[in-house]
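# Inside the fold
Chain residues, written in single-letter form:
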Amino acid sequence: MNVRIGIIGASGRMGRAIANAAAAQDAVIAGGIDREGAVEGQHDDAAALAAAADVLVDFSSPEALAGTLAAARAAGTPIVIGTTGLQSEHHAAIDAAAEEIAILQTANTSLGMNVLRRLVEQAARVLGTDWDIEIVEMHHRHKLDTPSGSALLLGASANIGRGAASPIALNRFDRMQEGPHAREEGGIYYASLRGGSVAGDHQVVFATDGERIELGHRAENRSIFAKGAIRAALWLAGKPAGRYTMADMLGF
C-alpha cells in the first residue's frame, strides 16, 4: 500500500520537488500546506494534514517547527524534518517529541551527501588534528543561513571522527567576522558562497605540509534531495518512537 506523505512547506522549492517525485517512489501526497494553509488537497493546517498522512515531511522554517511538532505528536504521525537553520532550542523540542513519535531530522537528504559524511568521519579519524580542515560550500542566491546546514553536518562528522564528545561542530570560525588571526590547531573553518541557482556544492579539504585530500559533493539539481526525503519518509513510516538519522536509514 502506498505511503501517504503530507508536505509542510509545500509551496517552497523542496516542497514542490517532493510532490513531483512522489509517484515514482510508490508514495502518494496526502496534501500540502504552507503559511497560508492548503496548497495541495483539502487539509488547511498541520493538525488536519498530520491526521490524514502516514508520515509528514517538513521543509518549512524554524519558526514553524513548534506547531508542526505539536500536530505530529497529537496525531501520532512520524515526521521527516529537513528544515535547516535550526538552533539548540529546536533540537531540544525535537528530542522531546521523539519520545512519542518517530522523527528523522537531517540538514541534507541527499544519499550521496550522507555517504560523504561517513568518508569525512573516517578520514578525520585516521588523519587527526595534524591535518587542517576547511569546508567550502556554495548555494543559490536565495539561501539565507551560513554556513549551510550540510556544511555543519560535515564539520560534525569530522569532530566525531576526531573523537569529540559531541557531534556538534564546536570549532566553528568565521574569518569575515573575526578578522585575521592565526589558524587554531583542530579548528574547522567554513567558507560560504552564494550566487546564481546552485543547488548545493560542498568540499572538505584536509591539508597538511606537502599534501592535501579533497572530498566533495555536487548537487546538480534539487530532485536528489526530494528523492532522498521520500525514501526517508517511506523508511520512517511505521517506525517506533525515537530520533533517527539518514545514517540509520542507510544502515551505517
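Our subject is the structure that appears above.
Conventions we followed
- Residues numbered from 1 in each chain as written.
- Predicted model: local features only at pLDDT ≥ 70, side-chain atom pairs only at ≥ 80, totals over all residues.
- Heavy atoms only, no water.
- Phe/Tyr/Trp six-rings, centres within 6.5 Å; stacked < 30°, edge-to-face > 60°.
- Buried < 20%, exposed > 50% of the residue type's maximum accessible area, 1.4 Å probe, protein only.
- Lys NZ or Arg CZ within 6 Å of the ring centre and 35° of its normal.
- Helix = DSSP H or I, 4+ residues; strand = E, 2+ residues; numbered from the N terminus.
- Polar contact = N/O pair within 3.5 Å; in protein donor to acceptor, adjacent residues only side chain to side chain.
- Contact = heavy atoms within 4.5 Å.
- Axes fitted to C-alpha atoms, helices over the stretch in contact; angles between N-to-C directions.
- Parallel < 35°, antiparallel > 145°, perpendicular 65-115°, else oblique.
- Left-handed = near helix turned anticlockwise from the far one by under 90°.
- Nonpolar A, V, L, I, M, F, W, Y, C, P; charged D, E, K, R; others polar.
- Patch = residues over 30% accessible without salt bridge, like charges linked within 9 Å, V, L, I, M, F, W, Y side chains within 5 Å.
- Areas by Shrake-Rupley, 256 points an atom, 1.4 Å probe, with all protein chains shown as cover.
- Salt bridge = Lys/Arg side-chain N within 4 Å of Asp/Glu carboxyl O.
- Pairing = 2+ DSSP bridges.
- Arc of directions from axis to C-beta.

### Examining the packing of aromatic side chains
Under the criterion given, the structure shown has one aromatic pair. Both rings, one in Trp235 and one in Tyr244, keep their centres 5.4 Å apart while their planes meet at 85°; by these two values the pair is edge-to-face. Under the relative-accessibility criterion, Tyr244 is labelled buried at 15%. If you follow Lys239 out to its NZ or CZ, it ends over the ring of Trp235, 4.4 Å from the centre.

### Details of the side chain of Gln105
When you line up the elements, Gln105 lands in strand β6 (residues 102-105). In terms of polar contacts, Gln105 uses its side chain to reach the side chain of Arg243, at 2.9 Å. Those residues in contact with Gln105, other than ones at most four positions away along the chain, are Ile81, Leu86, His91, Ile94, Arg243 and Tyr244.

### Describing the packing of helix α1 (residues 13-21) against helix α8 (residues 223-236)
Where α1 contacts α8, the axes come no closer than 8 Å and their chain directions differ by 65°. If you check the angle between α1 and α8, you find them roughly perpendicular. Read as a crossing pair, α1 and α8 show a hand that is right-handed. Contact residues: α1 offers Met14, Ala17, Ile18 and Ala21, while α8 offers Phe225, Ala226, Ala229 and Ile230. Tallied by class, the residues present in the contact of α1 with α8 amount to eight nonpolar, no polar and no charged.

### Observations concerning a nonpolar patch on the surface
On the surface, a nonpolar cluster with roughly 230 Å² of combined accessible area is contributed by Val115, Leu119 and Phe252. Along the chain, the position of Leu119 falls in helix α5 (residues 111-127).

### Some points on the side chain of Ser148
Looking at where Ser148 falls in the secondary structure, it is placed in the loop between β7 (132-139) and α6 (149-161). Excluding residues that lie within four positions of it along the chain, Ser148 makes contacts with Glu137, His139, Lys143, Ser192, Arg194 and His202.

### What about the sheet that holds strand β2 (residues 27-34)?
Backbone hydrogen bonds hold the strands of a sheet together, and the pairing may be parallel or antiparallel. Judged by pairing direction, the sheet is mixed, and its seven strands sit side by side in the order β3-β2-β1-β4-β5-β6-β12 without closing on themselves. Either end of the sheet is taken by a strand with one partner, and the two such strands are β3 (37-40) and β12 (242-244). Across the sheet, the axes of successive neighbouring strands diverge by a mean angle of 25°, strand direction being ignored. Packed on one face of the sheet, α8 meets β1 (3-8), β2, β4 (55-58), β5 (79-81), β6 and β12 and runs near 160° to β6.

### Some thoughts on the environment of Ser150
In this structure, Ser150 sits in helix α6. The exposure class of Ser150 is buried, given its relative accessible area of 5%. Separated by 118 residues in sequence, Ser150 and Gly32 have C-alpha atoms that sit 25 Å apart. Setting aside its immediate chain neighbours within four residues, Ser150 contacts Ala107, Asn108, Met113 and His202.

### A short note on helix α4 (residues 88-97)
Turning to α4, its buried residues number three or more, namely His90, Ile94 and Ala97. Buried positions in α4, seen along its axis, are confined to an arc of 65° and lie on one side of it. Tucked into the core, α4 has its buried residues touching α3 (65-75), β5, β6 and β12.

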